[in-house]
Amino acid sequence: MGKKKDNKDNEVKEASNTKKYVLFCLVIIVVISLIGFVAYKILAVKEDEEKKVYKVNESEIKGYGIFIDDSDTKLYREEFDKLKVNLESSEVNYDEYAESVAKMFIIDLYTIKNKINKYDVGGIDFIYPTIKQNYIDNVDDTIYKYVEDNSNGERSQNLPVVKSIEVLENTKGKFKINSENKEYDSYVFKIKWEYSFDLGYDEAGEVIVINKDNKMYVVEKN
């Protein structure tokens, strides 16, 4: 009887210890999960904050979503002013409109010195709406990949500034948006540009602009 009772007591103790161990493990797992979740949220908030770009818009071409802000260069402002006059005139010159869009796109994309961080992607104003996110992701991972943050205004990194730009060739044609199964009138611009300092960035390329509902959008850059 004594042995049976001892065995039963031992089994009860072992069961109790097992429950305590399992409970302890569950508590540890919950605590670790909570710590991981909190850390993830903190990092996510930090990344979202980095992606926010605070700039002051100084002028806008109303109805077209094209702006200049306090960081834009003289070259970009000159092309903006030219485009603004064209678009606000009684008769828009669409050939010149398309050319201005192609040039401003390149100026803004490759003038990186005035960008706050890698998420402050240039040229977005001119990109066709359905491909904007793909464009941003691609630029983030290539041209802007190593752009350091300048939120505090103390960045010392050398970054390019486009000082001049020229259209070498302009060809009209058609461009198909596959997702819409529709063709649009297009312009293919062959462009070259120069920088204030040569840092090894692209100096020439091809930009395709389409006309959708009398608004010009960049759909491809090669």
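Values in this document were obtained by computation on a predicted structure and should not be read as measured data.

Reading guide: rules and limits
- Residues numbered from 1 in each chain as written.
- Predicted model: local features only at pLDDT ≥ 70, side-chain atom pairs only at ≥ 80, totals over all residues.
- Heavy atoms only, no water.
- Core = buried A, V, L, I, M, F, W, Y, C linked by side-chain atoms within 4.5 Å.
- Buried < 20%, exposed > 50% of the residue type's maximum accessible area, 1.4 Å probe, protein only.
- Helix = DSSP H or I, 4+ residues; strand = E, 2+ residues; numbered from the N terminus.
- Contact = heavy atoms within 4.5 Å.
- Pairing = 2+ DSSP bridges.
- Polar contact = N/O pair within 3.5 Å; in protein donor to acceptor, adjacent residues only side chain to side chain.
- 1 Å grid on protein atoms, 1.4 Å probe; cavity = no way out; pocket = protein on both sides within 12 Å on 5 of 7 lines; lining within 4 Å.
- Points joined across faces, edges and corners; volume = space filled by probe spheres on them.
- Nonpolar A, V, L, I, M, F, W, Y, C, P; charged D, E, K, R; others polar.
- Salt bridge = Lys/Arg side-chain N within 4 Å of Asp/Glu carboxyl O.
- Axes fitted to C-alpha atoms, helices over the stretch in contact; angles between N-to-C directions.
- Parallel < 35°, antiparallel > 145°, perpendicular 65-115°, else oblique.
- Left-handed = near helix turned anticlockwise from the far one by under 90°.
- Phe/Tyr/Trp six-rings, centres within 6.5 Å; stacked < 30°, edge-to-face > 60°.

Some remarks on the nonpolar core
Moving on, step 1. F105, I191 and V209 are the most contacted members of the largest nonpolar core, which has 41 residues in total.
Moving on, step 2. Listing elements by their share of this core, those giving two or more residues are strand 2 (66–69), helix 2 (74–87), helix 3 (94–110), helix 4 (132–141), strand 3 (162–177), strand 4 (182–195), strand 5 (204–212) and strand 6 (215–221).
Moving on, step 3. For this core, the leading source of residues is helix 3, giving 10 residues.
Moving on, step 4. Once residues lying within four places of it in the same chain are set aside, the contact partners of V209 are A98, V101, A102, D185, S186, Y187, F189, M216, Y217 and V218.
Moving on, step 5. Membership of the second largest hydrophobic core comes to 8 residues, among which are I177, Y184, I210 and Y217.

Some points on the pairing of strand 6
Moving on, step 1. Relative to strand 6, strand 5 runs antiparallel, the two sharing 6 bridges. Across the sheet, N211 pairs through a bridge with M216, a residue of strand 6.
Moving on, step 2. Joining the antiparallel neighbours strand 5 and strand 6 is a turn of 2 residues, in which D213 adopts a positive phi near 55 degrees.

Details of the side chain of T111
Moving on, step 1. With respect to the helices and strands, T111 occurs in the loop between helix 3 and helix 4.
Moving on, step 2. Among the polar contacts made by the side chain of T111, one reaches the main-chain amide nitrogen of V162 at a distance of 3.1 Å.
Moving on, step 3. When sequence neighbours within four positions are dropped, the list of residues in contact with T111 reads T73, Y144, P160, V161 and V162.

A look at the layout of surface pockets
Moving on, step 1. As a volume, the second largest pocket reaches approximately 240 Å³.
Moving on, step 2. F105, Y135, N138, E220 and K221 are the residues nearest the centre of the second largest pocket, which is lined by 15 residues in total.
Moving on, step 3. Partitioned by chemical class, the residues of the lining of the second largest pocket number 10 nonpolar, 3 polar and 2 charged.

Quick look at the environment of Y128
Moving on, step 1. Its place among the elements puts Y128 in the loop between helix 3 and helix 4.
Moving on, step 2. Distance from Y128 to E220, taken between C-alpha atoms, is 9.1 Å for residues 92 residues apart in sequence.
Moving on, step 3. With near-sequence residues (within four places) excluded, Y128 lies in contact with I177, E180, Y184, I210, K212, Y217, V218 and V219.

A word on the pattern of salt bridges
Side-chain pairing between opposite charges can occur once the charged atoms of the two side chains come close.
Moving on, step 1. The final tally for this structure, using the stated rule, is 9 salt bridges.
Moving on, step 2. Measuring nitrogen to oxygen at the nearest pair gives 3.7 Å for the salt bridge that ties K212 to E180. Residue K212 is located in strand 5, and its partner E180 is located in the loop between strand 3 and strand 4; the two are separated by 32 residues in the primary sequence.
Moving on, step 3. Residue K212 is classed as partly exposed on the basis of its relative accessible area, which comes to 25%.
Moving on, step 4. Salt bridges sharing common partners tie together E79, E99 and K103.

Focus on the packing of helix 2 against helix 3
Moving on, step 1. Where helix 2 contacts helix 3, the two axes come as close as 10 Å, and the packing angle between them is 155 degrees. As summarised for this structure, helix 2 and helix 3 are arranged roughly antiparallel, according to the angle between their axes. Note that helix 2 runs across helix 3; the crossing there is left-handed. Contact with helix 2, carried on its side by L75, Y76, E79, F80, K82, L83, N86 and L87, involves E96, Y97, S100, K103, M104, I107 and D108 of helix 3 and no other residues of that element.
Moving on, step 2. Split by residue class, the contact of helix 2 with helix 3 holds 8 nonpolar, 2 polar and 5 charged.

Let's talk about unusual backbone geometry
Moving on, step 1. We note that N181 has phi near 55 degrees; this positive angle belongs to a residue other than glycine.
Moving on, step 2. Here N181 shows up in the loop between strand 3 and strand 4.
Moving on, step 3. In this model, D213 sits at a positive phi of 55 degrees, which is unusual for a non-glycine residue.

What to know about the environment of N170
Moving on, step 1. The topology assignment puts N170 in strand 3.
Moving on, step 2. Separated by 37 residues in the primary sequence, N170 and V207 place their C-alpha atoms 9.7 Å from one another.
Moving on, step 3. The residues contacting N170, other than those within four sequence positions of it, are Y187, V188 and F189.

A word on the packing of aromatic side chains
Moving on, step 1. Within the structure shown, the criterion is met by 7 aromatic pairs.
Moving on, step 2. Aromatic side chains Y94 and Y97 sit 6.2 Å apart centroid to centroid with 40 degrees between the ring planes, which places their arrangement in the tilted category. Of this pair, Y94 and Y97 both sit in helix 3, 3 residues apart, which is roughly one turn of that helix.
Moving on, step 3. Judged by its relative accessible area of 28%, Y94 is partly exposed.

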